[in-house]
Amino acid sequence: MNKTSRVLAIAVIAVGGLAMWLVSRPREQKPDASEAVLERAAIVEVKLPEALSENALIGKRIFDAKCASCHGESAAGQEGVAPPLVHQIYEPSHHSDTAFLLASKNGVRAHHWRFGNMPPVPGMTDGEVGLVTRYVRELQRANGIN
């Protein structure tokens, strides 16, 4: 076998080996649409109250604008994103209204759930947090959390 034939044979083997490696390696798969929907699925089922107070209605609008992207519609939480606020963990005797205020101002280190730390919510006033808290408390009461 002459030198040119050996170089050609080595090149063919190298290209073939590279092709086999590329074909056999695991590919990164993007989640399909159904997995993305599942990740953001509500964690709890929230029963809505028959009516909300005026302050809770204002709080709902603020919640929808500043909190729902993480905590979900009607504070039901979202799988893979953030916990539900309509949950026994957040009952007033365990997480006071002040806890909601401090969470919005300072963020929260993860301690009850495995969603990671909650960052502060920029631009929320104490009054807005009070109205959001009123909304969440009325949702909680409608779901037997006092």
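Residues numbered from 1 in each chain as written. Predicted model: local features only at pLDDT ≥ 70, side-chain atom pairs only at ≥ 80, totals over all residues. Heavy atoms only, no water.

### Overview of the environment of Gly107
Our working definition: Helix numbers and strand numbers start at the N terminus; a helix is a DSSP run of H or I with at least 4 residues, a strand a run of E with at least 2. Whether two residues are in contact is decided by their heavy atoms: any pair within 4.5 Å suffices.
Assignment of secondary structure puts Gly107 in the loop between helix 5 (97–106) and helix 6 (126–142). As for Gly107 and Pro119, which are separated by 12 residues in sequence, their C-alpha atoms are 4.3 Å apart. Once residues lying within four places of it in the same chain are set aside, the contact partners of Gly107 are Leu102, Met118, Pro119 and Pro120.

### Considering the side chain of Ser74
When you line up the elements, Ser74 lands in the loop between helix 4 (68–71) and helix 5. Residues in contact with Ser74, not counting those within four places in the same chain, are Val46, Leu48, Phe63, Val86, Tyr135 and Leu139.

### Section: the pattern of salt bridges
The condition that has to hold: A side-chain nitrogen of Lys or Arg and a carboxyl oxygen of Asp or Glu constitute a salt bridge if their distance falls within 4 Å.
Throughout the structure, instances matching the rule amount to five salt bridges. The salt bridge involving Asp64 is made with Lys60; its shortest N-O contact spans 2.7 Å. Placement of the pair is Asp64 and Lys60 together in helix 3 (residues 54–66), with a separation of four residues, close to one helical turn.

### Some remarks on the packing of helix 5 against helix 6
The criterion, for reference: Helix axes use the C-alpha atoms of the stretch in contact, all axes being lines fitted to C-alpha atoms, and the angles between their N-to-C directions lie in the range 0 to 180 degrees. Orientation labels follow simple angle bins: below 35 degrees gives roughly parallel, above 145 gives roughly antiparallel, 65 to 115 gives roughly perpendicular, and whatever is left gives oblique. What makes a crossing left-handed is the near helix being turned counterclockwise from the far one by less than a right angle; a clockwise turn instead makes it right-handed.
Remark: helix 5 packs on helix 6, axes separated minimally by 9 Å, with the N-to-C direction vectors making an angle of 130 degrees. With respect to helix 6, the axis of helix 5 lies oblique. When the axes of helix 5 and helix 6 are compared, the crossing they make is right-handed. Residue-level contacts link Asp97, Phe100, Leu101, Ser104 and Lys105 of helix 5 to Asp126, Val129, Thr133, Val136 and Arg137 of helix 6.

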